[in-house]
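Descriptive analysis of the structure
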Amino acid sequence: MTPWLAVAAVLSCLVGTLLLYLASPQQQLRAAGPWPVRRSWWPGIACLLLSLPLFLRVLAPVEAVAGWSVLAMLFWSLWPFLGAWRARVRARRAAA
């Protein structure tokens, strides 16, 4: 059961950071711009807050909080680069 909890914790953290990135007005991952303005951040926060107890079930408390925060920072630093790459691909398709 522990590997499934670890996978669920990582996926929940991944989805939470993605949803928070998509809720920002400056994101480039989606072509249509930001999500609806009113409370668009709460699904991302909910996923992140769900992943922390899952990490706590798998790891010791200090390691769980450290792993959760490092993983969230890793994902948050990847989304802008993926968004820039996606915007570049969209611009090339529009020019062709």
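What comes next is a walk through the structure. Quick caveat, the model's predicted, so the values are computed rather than measured.

**Looking at the packing of helix H1 (residues 2–22) against helix H2 (residues 42–58)**
- Orientation of H1 relative to H2, taken along the N-to-C sense of each, is 155°, at an axis distance of 7 Å. The orientation of H1 with respect to H2, classified from their angle, is roughly antiparallel. Considering how the two elements wind past one another, H1 and H2 form a crossing that is left-handed.
- Of the residues assigned to the contact of H1 with H2, the class counts are 17 nonpolar, six polar and one charged.

**Structural notes on H2**
- Between its first and last C-alpha, H2 extends 25 Å over 17 residues, near the 24 Å set by a 1.5 Å rise per residue.
- Every buried residue of H2 is accounted for by Gly44, Cys47, Leu48, Ser51, Leu54 and Phe55. Buried residues along H2 cover an arc of 125° about the axis, so they all sit on one side. Away from its buried face by more than 90 degrees, H2 exposes Trp42, Leu49 and Arg57.
- On its buried face, H2 is in contact with H1 and helix H3 (61–95).

**Here's the deal with the packing of H1 against H3**
- Axis separation between H1 and H3 bottoms out at 9 Å; the angle between their running directions is 45°. Of the possible angle classes, the one that applies to H1 and H3 is oblique. Judged by the twist between their axes, the crossing of H1 over H3 is right-handed. On H3, the residues touching Val10, Cys13, Leu14, Thr17, Leu18, Leu20 and Tyr21 of H1 are Trp68, Leu71, Ala72, Phe75, Trp76, Trp79, Pro80 and Gly83.
- Looking at the contact of H1 with H3 residue by residue, the classes come out as 13 nonpolar, two polar and no charged.

**Regarding H1**
- The terminal C-alpha atoms of H1, which comprises 21 residues, lie 30 Å apart, in line with the 30 Å expected from a rise of 1.5 Å per residue.
- Taken residue by residue, H1 has Ala9, Ser12, Cys13, Gly16, Thr17, Leu19, Leu20, Tyr21 and Leu22 as its buried positions.
- Against the buried residues of H1 lie H2 and H3.

**Topic: the nonpolar core**
- By size, the foremost hydrophobic cluster in this structure holds 15 residues, and its most contacted members are Cys13, Leu48 and Phe55.
- At the level of secondary structure, the elements contributing two or more residues to this core comprise H1, H2 and H3.
- Among the elements that make up this core, the one with the highest residue count is H3 (six residues).
- The residues touching phenylalanine 55, leaving out its near neighbours within four places in the chain, are Ala9, Val10, Ala64, Trp68 and Leu71.

Cut-offs applied
Residues numbered from 1 in each chain as written. Predicted model: local features only at pLDDT ≥ 70, side-chain atom pairs only at ≥ 80, totals over all residues. Heavy atoms only, no water. Axes fitted to C-alpha atoms, helices over the stretch in contact; angles between N-to-C directions. Helix = DSSP H or I, 4+ residues; strand = E, 2+ residues; numbered from the N terminus. Parallel < 35°, antiparallel > 145°, perpendicular 65-115°, else oblique. Left-handed = near helix turned anticlockwise from the far one by under 90°. Nonpolar A, V, L, I, M, F, W, Y, C, P; charged D, E, K, R; others polar. Expected span 1.5 Å × (residues − 1). Buried < 20%, exposed > 50% of the residue type's maximum accessible area, 1.4 Å probe, protein only. Arc of directions from axis to C-beta. Contact = heavy atoms within 4.5 Å. Core = buried A, V, L, I, M, F, W, Y, C linked by side-chain atoms within 4.5 Å.

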